[in-house]
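Spelled out, the chains give:
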Amino acid sequence: MLTQQPRSGIVCLGVGLALLCGCRQASTPIPEVPTVRAVDVTSPGSENGPENEPPLIVDEPNPTPPGMRWIPGGSFVMGSDNPKFPDEAPAHRVTLDGFWIDETEITNAQFREFVEATGYVTIAEKTPRPEDFAGQVDDLAAIPPENLVAGSICFNSRFDPARLRKDHPLWPYQVWKYVAGANWRQPEGPGSNLEGRWDHPVVHVSWEDAMAYCRWAGTRLPTEAEWEYAARGGRAGADYPWGNVLQPEGKWRHNIWQGEFPLHNEGSDGYLYTSPVKSFPPNDYGLYDMSGNVWEWCYDWYAPDYYRVSPERNPPGPAESFDPLEPNIPKRVQRGGSFMCSDNYCIGYRVAARMKGDPQSGTFHAGFRTVLPAAQWGKSRRTQALRETARRHP
């Protein structure tokens, strides 16, 4: 069971701060994407039933979709027997069919294309309702109407260090704040914009927003196992996508926090916030930012002990969520760490590190990338054809 302090990237500020952070209960249906009726390929495990497992898909069966990389099927050891946090254990063997994965995190430019094509509105852009907090707040009528404003979660750079206390597992909530008007278009809130950042990863997107993008694109979110397999790049037992040394030849290989979190970020890697995708070298599979920059949503529900019961072949994640720190809030898995991760805090930039977040909340340091299973290539092509038709004939 996870008992230590939460790590950077928790996207809901907890039941006690629910009115502040605007997090929503995961029981609300995932919003439909208007205009394009796409074939649904967003659910892992729908390719084949467990009772009739076909031969392992290793070699690339079709041409590589633009902007993606083929990850050959195979087996690897997932997790760690020397974990930094208990939910990273035990190390266990996993076997996966091959799949394609985006070589970069989804960028602001790519997300803009989706929004312009569909008219989609993200959760951060919608005014929350009292019923969104059902199960998290005892008395919904007690929620002050003035607290129900559209926005998202950002780092509070103006927190008072003298009042910072670290004697509670959820102490990092002291350095977050809910910013009215913050969303993917305005990452820091009103007055900010995406000028010069179209090639940065999109942020302030919830799991549900990411799923909506996947339906439009004809892809899906990676399972946690697929994500870690791809991040390792074939390097068995390595701590990072490039090996076991944090700074090979003294050079930073990812966008993270340098210095003591949350007091001072030295920015030694060249960035204080998000960085353009492909700013750092890729791993051996040709994938960028599998460590740092922004946390990435995975398909799976989060459970701290899932590794103990996970099936070996194509594990889809647990059937339901449980986070012992916030048991009333369902969580989905996030991976990869972000520009907010430091060596004195979450160390979430390791390939074995796990994180979780409320599916209906976004933050200014969380985004996503997508995958396409080999068995769904044909369905995806049909979805893309429908999308192209809709673009040409609105």
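Before any of the text, the structure's been laid out above.
All figures in this text were calculated on a predicted structure; none of them were measured in a lab.

The rules behind each value
- Residues numbered from 1 in each chain as written.
- Predicted model: local features only at pLDDT ≥ 70, side-chain atom pairs only at ≥ 80, totals over all residues.
- Heavy atoms only, no water.
- Pairing = 2+ DSSP bridges.
- Helix = DSSP H or I, 4+ residues; strand = E, 2+ residues; numbered from the N terminus.
- Axes fitted to C-alpha atoms, helices over the stretch in contact; angles between N-to-C directions.
- Contact = heavy atoms within 4.5 Å.
- Polar contact = N/O pair within 3.5 Å; in protein donor to acceptor, adjacent residues only side chain to side chain.

Enquirer: Residues and numbers for the sheet that holds strand β1 (residues 68-71), please.
Expert: Sheets are built from strands paired through backbone hydrogen bonds, the pairs being either parallel or antiparallel. One open sheet accounts for 3 strands, arranged β1-β4-β11; its pairing is antiparallel. Each edge of the sheet is formed by a strand with only one pairing partner; in this case those strands are β1 and β11 (371-373). Recorded for the sheet is a direction-independent mean angle of 25° between the axes of neighbouring strands. Sheet topology note: the β1/strand β4 (residues 99-102) ladder contains 4 bridges and is antiparallel.

Enquirer: Lay out the sheet that holds strand β10 (residues 366-367) in plain terms, naming residues and giving numbers.
Expert: In spatial order, the strands read β9-β8-β7-β10; together these 4 strands make up an open sheet with mixed pairing. Strand pairing shows two members of the sheet lacking a second neighbour, β9 (355-357) and β10, which therefore form its edges. The pairing of strand β8 (residues 332-335) with β9 spans 3 bridges and is classified as antiparallel. Within the sheet, the bridge partner assigned to R332 lies in β9 and is G357. Here helix α3 (residues 207-217) sits on the sheet and contacts β7 (295-301) and β8; the angle it forms with β7, its principal contact strand, is near 85°.

Enquirer: So what's going on with the side chain of E88? Which residues, and what values?
Expert: Relative to the helices and strands, E88 is located in the loop between β2 (74-78) and β3 (92-96). Looking at E88, its side chain comes within polar contact range of the main-chain nitrogen of K84, at 3.2 Å.

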